[in-house]
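# A look at the structure
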Amino acid sequence: LQPAPLPYATDGEFIKMTDVEVARRLEDLKMFTRHAGLGVEQRIEIAKQQQALRDAKKLAKEEMNKNKEKARQAKEAERNERLEQQRKERELKNQQALEAKKKREEELARQKAEEAARKAQEKEQKRQQALLQKEQELAKQKELMYAMEMERERRRQHMALIKQLELRRKFEEKEKKKHQVILDKLIQREKKLVMRKRDTNILAELRKPQEDSEIVDQTVLPSFSRIPGLKLTGTGYADLLMVFEFLHNFGETLGFGEYNVPNLFMFHATVRQF
């Protein structure tokens, strides 16, 4: 900030000036001091000239500022036009890039859709093949199970038939044995009746008195020698034999030794003394 010169100063105010304005004001100040000794009219004329010069400079400056402003506006317009052109080019490039990206995305989406459709079709074909194979396996299993069931039923019927035949055979054998037992019983009964009748007849014939001369097969009776020294009756000797046999069987149990049991002769001699 510089203090204003006398023509421009008002109560010590300050104005903001550039270096060019300071140099111009110094030049005016020199001219003012140079013409300080002139007359009033001359000074007025000089002031007018200076004012006209300042106005011309001001107009030139304004014209120059206008030209600068026009140039700046033209440059700004050109710059704006260039920026607009660049913006349009960028937008066009962006649009083209977006369209290309959209086309690529659509192509990728189409390829993915085709791939997904192909995979789905392959999966469906595999599923259909698996279902068909499973149905074939189930059909084979059903046929096998049906054949096994038929074979089992045939065997069951065969076994039932064999059991029925076996039961029939056993029943027939049982009935045959039963009839045979009944027949045997009847035969035995008939035989017993015949034998009883024969025995009765024989007994009746034996009971009939018969002369010795009428006996056809006369048997010669054997001759038995008498026991030496026997003095007992038949009943007494039978009792003696029974006691001897008892001691011979149970002598050891009763406490008799093997040599303590008397023999039959000693028994007979002892009993005869009584």
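Residues numbered from 1 in each chain as written. Predicted model: local features only at pLDDT ≥ 70, side-chain atom pairs only at ≥ 80, totals over all residues. Heavy atoms only, no water.

- Per an unreviewed UniProt entry, the recorded name for the protein is DDT domain-containing protein, and the organism is Anopheles coluzzii.
- For the record of the protein, the UniProt heading Subcellular location (unreviewed entry) holds the text "Nucleus". (UniProt positions renumbered as here; feature names shortened; annotations may be inferred.)

## With respect to the overall build of the protein
- The helix and strand tally for the protein stands at four helices and two strands.
- Along the protein, helices (α) and strands (β) appear in the sequence β-β-α-α-α-α when read from the amino end.
- Looking at the protein as a whole, 5% of its 274 residues are labelled buried.
- Taking as baseline every contact in the protein between residues at least 6 positions apart, the subset at least 24 positions apart corresponds to 36%.
- Surface accessibility of the protein: about 25,700 Å² in total, with carbon and sulfur atoms responsible for 58%. (Helix = DSSP H or I, 4+ residues; strand = E, 2+ residues; numbered from the N terminus. Buried < 20%, exposed > 50% of the residue type's maximum accessible area, 1.4 Å probe, protein only. Contact = heavy atoms within 4.5 Å. Areas by Shrake-Rupley, 256 points an atom, 1.4 Å probe, with all protein chains shown as cover.)

## Here's the deal with the pattern of salt bridges
- Under the criterion given, the structure shown has 17 salt bridges.
- Arg155 is the partner of Glu151 in a salt bridge, and the nearest nitrogen-oxygen pair spans 3.2 Å. With a gap of four residues between them, Glu151 and Arg155 both fall in helix 2 (residues 40-207), about one helical turn apart.
- Across the pair Glu166 and Arg169 runs a salt bridge whose closest N-O atoms are separated by 2.1 Å. (Salt bridge = Lys/Arg side-chain N within 4 Å of Asp/Glu carboxyl O.)

## Quick notes on a nonpolar patch on the surface
- The grouping of Ile182, Leu183, Leu186 and Ile187 at the surface amounts to a nonpolar patch, some 320 Å² of accessible area in total.
- One can find Leu186 in helix 2. (Patch = residues over 30% accessible without salt bridge, like charges linked within 9 Å, V, L, I, M, F, W, Y side chains within 5 Å.)

## Section: helix 3 (residues 234-254)
- Here helix 3 contains 21 residues, and its C-alpha end-to-end distance of 28 Å stays within 8% of the 30 Å for a straight helix at 1.5 Å per residue.
- If you look at helix 3, its biggest bend is around 45 degrees, right at His248.
- Inspection of helix 3 places Tyr237, Leu240, Leu247 and Gly251 among the buried residues, and these make up the whole buried set.
- At the exit of helix 3 stands Gly255, carrying a positive phi of roughly 100 degrees. (Expected span 1.5 Å × (residues − 1). Bend = angle between axes of the 7 residues up to and from the residue.)

## Some words on the nonpolar core
- Membership of the largest hydrophobic core is limited to five residues, which are Leu230, Tyr237, Leu240, Leu247 and Phe267.
- Among the elements that line this core, the one with the most residues is helix 3, at three residues. (Core = buried A, V, L, I, M, F, W, Y, C linked by side-chain atoms within 4.5 Å.)

## Notes on the confidence of the model for the protein
- The predicted model of the protein has a mean per-residue pLDDT of 79, with 85% of residues at 70 or higher.
- Per-element confidence in the protein is highest for helix 2, whose mean pLDDT is 85, and lowest for strand 1 (residues 2-3), whose mean pLDDT is 46. (pLDDT = per-residue confidence, 0-100.)

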